[in-house]
Amino acid sequence: QLQLVESGGGLVQAGGSLRLSCTASGRIFSTYRMGWFRQAPGKEREFVGHISRSGDITDYADFVKGRFTISRDNAKNTVYLQMNSLQPEDTAVYYCAATLRVGIVRQGNDYAVWGQGTQVTVSS
């Protein structure tokens, strides 16, 4: 089965940057569209962004567009989330997920495989 392992989380000051990585194993990575989600304490899981199988199409939640960039390297079975201008409200556990559904997918229930999550903490 497809497995996803995330890395790159940590503590950063407001205005700083982090790059999260999600590496897949067990299945053909290029057949999956990939999404990033996040969940803060006491909040529901929310959509962050999505990238197509070839990486040519991306989609972002309105509140992160312009600060975050999703990319993928299918040769390395890896998808990235580059986060710039981080703010304290970005503090959350960030998850990557894989889907075989067609087109842009923003609903978490449409993703079949999830990573374990990585903690991002932004200090004031």
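In what follows, the structure referred to is the one given above.
Enquirer: Provide a residue-level description of the pairing of strand E3 (residues 18-25), including the pertinent values.
Expert: Two elements, strand E1 (residues 3-7) and E3, share five bridges in a ladder whose sense is antiparallel. Among the inter-strand pairings, Gln3 is bridged to a residue of E3, identified as Ser25.

Enquirer: So what's going on with the pattern of salt bridges? Residues and values would help.
Expert: Applying the stated criterion to the full structure yields five salt bridges. The partner of Arg38 in a salt bridge is Glu46, and the shortest N-O contact between them spans 2.6 Å. Judged by its relative accessible area of 4%, Arg38 falls in the buried class. Residue Asp59 pairs with Arg106 through a salt bridge whose shortest N-O separation is 2.7 Å. Of this pair, Asp59 sits in strand E6 (residues 58-60) while Arg106 sits in the loop between strand E9 (92-99) and strand E10 (113-114), and the two are 47 residues apart along the sequence. By sharing partners, the salt bridges in this structure join Arg38, Glu46, Arg67 and Asp90 into a single network.

Enquirer: Just give me the short version of the side chain of Arg67, but keep the residues and values in it.
Expert: Locating Arg67 in the fold gives a position in the loop between E6 and strand E7 (68-73). Beyond its immediate sequence surroundings of up to four residues, Arg67 is in contact with Gln82, Met83, Asn84, Ser85, Leu86, Gln87 and Asp90.

Enquirer: Please provide a residue-by-residue account of the nonpolar core, values included.
Expert: In this structure, Leu4, Met34, Trp36, Leu81, Met83 and Tyr94 are the most contacted members of the largest nonpolar core, which totals 34 residues. Looking at this core, the elements that each hand over two or more residues are E3, strand E4 (33-39), strand E5 (46-51), E7, strand E8 (78-83), E9 and strand E11 (118-123). In terms of residues, this core owes the most to one element, E9, which gives five residues.

Definitions and limits used
Residues numbered from 1 in each chain as written. Predicted model: local features only at pLDDT ≥ 70, side-chain atom pairs only at ≥ 80, totals over all residues. Heavy atoms only, no water. Pairing = 2+ DSSP bridges. Helix = DSSP H or I, 4+ residues; strand = E, 2+ residues; numbered from the N terminus. Salt bridge = Lys/Arg side-chain N within 4 Å of Asp/Glu carboxyl O. Buried < 20%, exposed > 50% of the residue type's maximum accessible area, 1.4 Å probe, protein only. Contact = heavy atoms within 4.5 Å. Core = buried A, V, L, I, M, F, W, Y, C linked by side-chain atoms within 4.5 Å.

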